[in-house]
Amino acid sequence: MIAYKLPDDDDAIFCALFESFTARERPYMVFKGAFQLSFDCRVKTISVIPKNVERVKKGIIKCGGISLLSTIYYALRSQDELKETIIFNAIYKCLSERKNLLDNFKDPDMLALFDLKSKIGNETHRMKGFIRFEKTASGIWYSHFSPDNNIVDLVAPHFKERFPKEKFIIHDTRRNIFSVYNGKDILTFKSDQPITIYLDKEEIEFQGLWQTYFNSVNIKERKNTRLQDNSLPRRYRVNMSEFLAPLDNEILSPNNFNPVYLNDLIE
Amino acid sequence: MLDAKRLTILTESAKYDVSCSSSGSARKNSGGIGNASYGGICHSFTTDGRCISLLKILMTNKCAYDCLYCVNRRSNDVPRASATPDEICEVTMEFYKRNYIEGLFLSSAVEGNPDKTMELLLETVIKLRKVYGFNGYIHLKGIPGADKLLLDRAGSYVDRMSFNIELPSEKSLKMLAPQKSRKSIFLPMSNMATEYIMARKEKNYRFLPAGQTTQMIIGASPETDGQIIKLTEGLYDRFKLKRVYFSSYVPTNYKTSLLPTTPVGLLREHRLYQADWLLRFYGFKADELLSTDENFDLSVDPKCSWALKNMHLFPVEVNTAKPEMLLRVPGIGFKSASKIVAARKYSKLDFNDLLKMRVVLKRAVHFITCNGKFCGQEKLTAVKNIIALSERADTYEQISMFSTNDITFSVLGGEL
Ligand code: SF4
């Protein structure tokens, strides 16, 4: 048995496909980072060779159009630790049959990829609702969230359309990836620098009103926390003000923010 | 600014209005702040499992009327409060910018008379759009009996309007809401429907982009489920409504022999929503589901009871059945049906394939064949018992799924 170990690069998956076709072998596992493999398994380390990446991409486009290619990039946003294997298996089949087979749902490989994609899509949709903005002292809106999948740049355009004249920052605290809207464009980047946010004075008041509203619309007689937990998983609530204790001061440190830095981000 | 105390009073009594839906309007941003999302978005979920999408609030809960089933009725001793148009606008804007809500659901008790009340509502929505530049979703409750011009004007500022028909029959309305009548509610509804149809003919999509809806209270009066869904179907046909909402009666603090003292089970509400779903998306007619003297069987869902009454149409062959017919199979919803239709292009499907595609067979197995093979029970009573048993286990989780939010999760995830 053979497994492919990929470097931390989105294009590596294409080189894995290239290797598999040229060496005429089918890895049982394709992975990044550390993985527990069975003892009789040989590991081949794949490196990224731009020429091969291009060849495979062309092949993929030929077999399933641009949409098949963008499916791959989209699925790579998943946090599933088997995502490389799942993507590999589905695309491998499409390439060997020279056909886009993605909607052949009775094939477990296609279904696995479909599920991966639905999870990303569902979470993106949910986050459009679950994200909370807080007004900072400088008037910029700040939001911290920790989604399962890497979707901050999928969520940000929704808010750009909705609030074209406001400046905002959406911060994925799990990956320390920021999507920043400066009133014109959205920029997305990673930064591990500690940050502190100084909130606007009104913030305490409006979060308080929101908590009041949240509690007053609840119908006590119909408690159904199982349904609530299905619709709004508990792990998301750490970032949502209605589930937190009332705000008591105006300094927020999702990971120790420097206020000057906040303005730098927007520039 | 609105303080916590008044906010509580004005939102507490608005909460029984079940229409949380913020869908159906794709209002684009045009300069101000906000837009509307066609599929609707849920922003939070309360401990009762319902979706919060809109700031649902009354202008005032001071009411000149005395509807027996309502907490705001004149004779009820509850704290009263009002808000000004600016206060409503401000809290809407601040909530919206923080992404707490998709928009505003504004309603009001009848303070003074219908015209005065409607004027204040209209002033608020105009201000919100024009002065505050709000482009998000607005659902406005129309006040029956208000001047037609006021109502029509409101229609061009808001996304959706609704007049509640309150109770499923004229008789019950007379008994429980003596100041209201069928006619006084149907008239503005039908006027609005006419305006709506005219606007669409002229390609004007700014007039009520998300159409008109209504709501009725279930269980405060003796109507059968059959009457209720027949009425529902009529409302869709006659007034081009987008949704009919049902709200289980919750006893208010008033003892009268005219009203039940216990709330209706949520299961009944749930069955009605399932039936409503069948009417709107699955091509069923009310008469197919129930006759007007019948109630839904609480032990199995409406599609299932329909199928059990129509066994001569089953089993259907999964590999060849028309999509419309697949949708009529108990346990097969949009998601499963579309997977089946996509996958059978490649090769014939057997039961194993269906399982692999995660089509839930618990119910469906008694109504389908795969390549001519049948694996279910043939005896009707046996089928019903098995389904009723398995149903008991899921109902808890599904319940009020349909009352929670619109297209978003229910169509995508809703296996009916
Ligand atoms: S008119 Fe409306 S608010 Fe007033 S008592 Fe009747 S239902 Fe309640």
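From a predicted model like this one, the values you see are computed outputs, not experimental measurements.

**Brief notes about the overall build of chain A**
Inference 1: A count of helices and strands for chain A gives eight helices and 10 strands.
Inference 2: The C-alpha extent of chain A, read off along each of the three principal axes, is 65 × 50 × 40 Å.
Inference 3: A burial count over chain A gives 52% of its 267 residues as buried.
Inference 4: Taking the contacts inside chain A whose residues are at least 6 apart along the sequence as the reference set, 71% of them involve residues at least 24 apart.
Inference 5: Accessible area of chain A: about 12,500 Å², with a carbon and sulfur share of 51%.
Inference 6: The averaged location of the 36 negative side-chain charges in chain A is 6 Å from the averaged location of its 39 positive side-chain charges.

**Concerning the domain arrangement of chain A**
Residues and elements named next belong to chain A.
Inference 1: The assigned domain composition of chain A is domain 1 (2-122) and domain 2 (131-266).
Inference 2: Relative placement of domain 1 and domain 2: their C-alpha centres are 34 Å apart.
Inference 3: In this complex, domain 1 contributes six residues to the contact, which on the side of domain 2 involves eight residues.
Inference 4: Between domain 1 and domain 2, the buried area comes to about 540 Å², and carbon and sulfur atoms account for 46% of it.
Inference 5: When the buried area of domain 1 at its contact with domain 2 is split by residue, Arg77, Gln79 and Ile120 rank highest and sum to 87% of it.

**Quick notes on the sheet that holds strand 3 (residues 42-45) of chain A**
Residue and element names in this part refer to chain A.
Inference 1: An order of 2-1-3 is seen for the three strands of this open sheet, with the pairing classed as parallel. The sheet terminates laterally at strand 2 (29-32) and strand 3, the two strands that pair on one side only. Between one strand axis and the next, the sheet turns through 30° on average, direction left out of account.
Inference 2: Bridge analysis of strand 1 (residues 2-6) against strand 3 gives four bridges, and the strand direction is parallel. Pairing of Lys5 across the sheet is with Thr45, part of strand 3.
Inference 3: Seen against the sheet, helix 1 (residues 12-22) touches strand 1, strand 2 and strand 3 and runs at an angle of roughly 150° to strand 1.
Inference 4: Across the sheet, helix 3 (residues 83-97) is in contact with strand 1 and strand 2; its angle to strand 2 comes to roughly 140°.

**So, the site of the ligand**
Inference 1: Around the ligand, a shell composed of B:Cys63, B:Tyr65, B:Cys67, B:Cys70, B:Asn72, B:Arg73, B:Ala109 and B:Lys180 is seen.
Inference 2: Here the shell around the ligand is built from residues that sort into five nonpolar, one polar and two charged.

**Overview of the layout of surface pockets**
All names here are of chain B.
Inference 1: Empty space within the second largest pocket amounts to approximately 1,200 Å³.
Inference 2: As for the second largest pocket, its lining consists of 49 residues, and the residues nearest its centre are Ser13, Tyr16, Cys70, Val71 and Asn72.
Inference 3: At the level of elements, helix 1 (4-12), strand 4 (103-107), strand 7 (212-218) and strand 8 (243-248) are the ones that each hand at least two residues to the lining of the second largest pocket.
Inference 4: Within the lining of the second largest pocket, the residues separate by chemical class into 23 nonpolar, 17 polar and nine charged.

**Looking at the confidence of the model for chain B**
All names here are of chain B.
Inference 1: Across chain B, the average pLDDT comes to 86, with 91% of residues at or above 70.
Inference 2: The low-confidence segment residues 396-416 (pLDDT under 50) makes 73 contacts with residues lying over four places distant or belonging to another chain.
Inference 3: Interface scoring of the predicted complex returns ipTM 0.89; its pTM is 0.87.

**A short note on the sheet that holds strand 4 (residues 134-135) of chain A**
Residue and element names in this part refer to chain A.
Inference 1: With mixed pairing, the five strands of this open sheet are ordered in space as 4-5-6-7-8. The open sheet has two edge strands with one neighbour each: strand 4 and strand 8 (186-190).
Inference 2: As defined by bridge partners, strand 4 adjoins strand 5 (residues 141-145) across two bridges and the pair is classed as antiparallel. Bridging across to strand 5, Lys135 finds its partner in Trp141.

**Focus on the pattern of salt bridges**
If the charged atoms of two oppositely charged side chains come close together, the side chains can form a pair.
Residue and element names in this part refer to chain A.
Inference 1: Within the structure shown, the criterion is met by 35 salt bridges over all chains.
Inference 2: Among the salt bridges present, the one from Arg235 reaches Asp148, with a minimum N-O distance of 2.7 Å. Taken together, the residues Arg235 in the loop between helix 7 (225-231) and strand 10 (251-257) and Asp148 in the loop between strand 5 and helix 5 (152-162) connect sequence positions 87 residues apart.
Inference 3: We classify Arg235 as partly exposed; its relative accessible area is 45%.
Inference 4: For Asp148, a relative accessible area of 11% translates into the label buried.

**With respect to the pairing of strand 5 of chain A**
Residue and element names in this part refer to chain A.
Inference 1: Of all five residues that make up strand 5, five are buried, and the element is covered over most of its length.
Inference 2: Side chains Trp141, Ser143 and Phe145 project from strand 5 onto one buried face, and the interleaved Tyr142 and His144 project onto a second face that is buried too.
Inference 3: On the question of chirality, the crossover connecting strand 5 to the parallel strand 6 (residues 168-172) by way of helix 5 is right-handed.

**Observations concerning the nonpolar core**
Inference 1: Counting residues in each nonpolar core, the largest one holds 152 residues, and the members touching the most others are B:Met118, B:Met161, B:Leu235 and B:Leu354.
Inference 2: Among the elements that make up this core, the one with the highest residue count is helix 6 (residues 182-201) of chain B (seven residues).
Inference 3: Not counting the four nearest positions on each side in its chain, B:Met161 is found in contact with B:Met118, B:His139, B:Leu140, B:Gly142, B:Leu151, B:Ala154, B:Gly155, B:Met192, B:Leu208, B:Gly211, B:Gln212 and B:Thr213.
Inference 4: Ranked by size, the runner-up nonpolar core spans 34 residues in total, among them A:Tyr4, A:Phe18, A:Phe88 and A:Cys94.

**What to know about the packing of helix 3 (residues 114-130) of chain B against helix 4 (residues 148-155) of chain B**
Residue and element names in this part refer to chain B.
Inference 1: Packing of helix 3 against helix 4 leaves a shortest axis separation of 10 Å and a crossing angle of 20°. Comparing the axis directions of helix 3 and helix 4 gives the class roughly parallel. Every pair of crossing elements has a handedness; the one defined by helix 3 and helix 4 is left-handed. For the pair formed by helix 3 and helix 4, the contact residues are Asp115, Met118, Glu119, Leu122 and Ile126 on the first element and Leu150, Leu151, Arg153 and Ala154 on the second.
Inference 2: A breakdown of the residues in the contact of helix 3 with helix 4 according to their chemical character gives six nonpolar, no polar and three charged.

**So, the interface of chain A and chain B**
Inference 1: Across the boundary between the two partners, chain A contributes 56 residues, which contact 68 residues of chain B.
Inference 2: Summing both sides of the interface, chain A and chain B together bury roughly 5,500 Å²; the carbon and sulfur share of this comes to 58%.
Inference 3: On the chain A side of the interface with chain B, the three residues burying the most area are A:Lys106, A:Arg162 and A:Arg222, jointly 15% of the side's total.
Inference 4: A salt bridge links B:Arg358 to A:Asp115; the shortest N-O distance between them is 2.4 Å.
Inference 5: The interface formed by chain A and chain B includes 26 residue pairs in polar contact (both at pLDDT 80 or more).
Inference 6: If you list the elements that add at least two residues to the side of chain A that touches chain B, you get helix 4 (108-130), helix 5, helix 6 (202-216) and helix 7 of chain A.
Inference 7: Counting residues per element, the side of chain A that touches chain B draws most heavily on helix 6 of chain A, at 11 residues.
Inference 8: The residue makeup of the side of chain A that touches chain B, split by class, is 23 nonpolar, 15 polar and 18 charged.

**Topic: the domain arrangement of chain B**
Inference 1: In terms of domain boundaries, chain B breaks down into domain 1 (4-284) and domain 2 (302-411).
Inference 2: Put simply, the middle of domain 1 of chain B and the middle of domain 2 of chain B, counted by C-alpha atoms, are 34 Å apart.

The rules behind each value
Residues numbered from 1 in each chain as written. Chains lettered and ligands numbered in written order. Predicted model: local features only at pLDDT ≥ 70, side-chain atom pairs only at ≥ 80, totals over all residues. Heavy atoms only, no water. Helix = DSSP H or I, 4+ residues; strand = E, 2+ residues; numbered from the N terminus. Buried < 20%, exposed > 50% of the residue type's maximum accessible area, 1.4 Å probe, protein only. Contact = heavy atoms within 4.5 Å. Areas by Shrake-Rupley, 256 points an atom, 1.4 Å probe, with all protein chains shown as cover. Lys, Arg positive; Asp, Glu negative; His and termini not counted. Charge placed at Lys NZ, Arg CZ, Asp CG, Glu CD. Domains from an automatic or database assignment. Buried area = accessible area lost by both parts, 1.4 Å probe. Pairing = 2+ DSSP bridges. Axes fitted to C-alpha atoms, helices over the stretch in contact; angles between N-to-C directions. Near = heavy atom within 4 Å. Nonpolar A, V, L, I, M, F, W, Y, C, P; charged D, E, K, R; others polar. 1 Å grid on protein atoms, 1.4 Å probe; cavity = no way out; pocket = protein on both sides within 12 Å on 5 of 7 lines; lining within 4 Å. Points joined across faces, edges and corners; volume = space filled by probe spheres on them. pLDDT = per-residue confidence, 0-100. Salt bridge = Lys/Arg side-chain N within 4 Å of Asp/Glu carboxyl O. Right-handed = clockwise from strand over helix to strand, strands pointing away. Core = buried A, V, L, I, M, F, W, Y, C linked by side-chain atoms within 4.5 Å. Parallel < 35°, antiparallel > 145°, perpendicular 65-115°, else oblique. Left-handed = near helix turned anticlockwise from the far one by under 90°. Polar contact = N/O pair within 3.5 Å; in protein donor to acceptor, adjacent residues only side chain to side chain.

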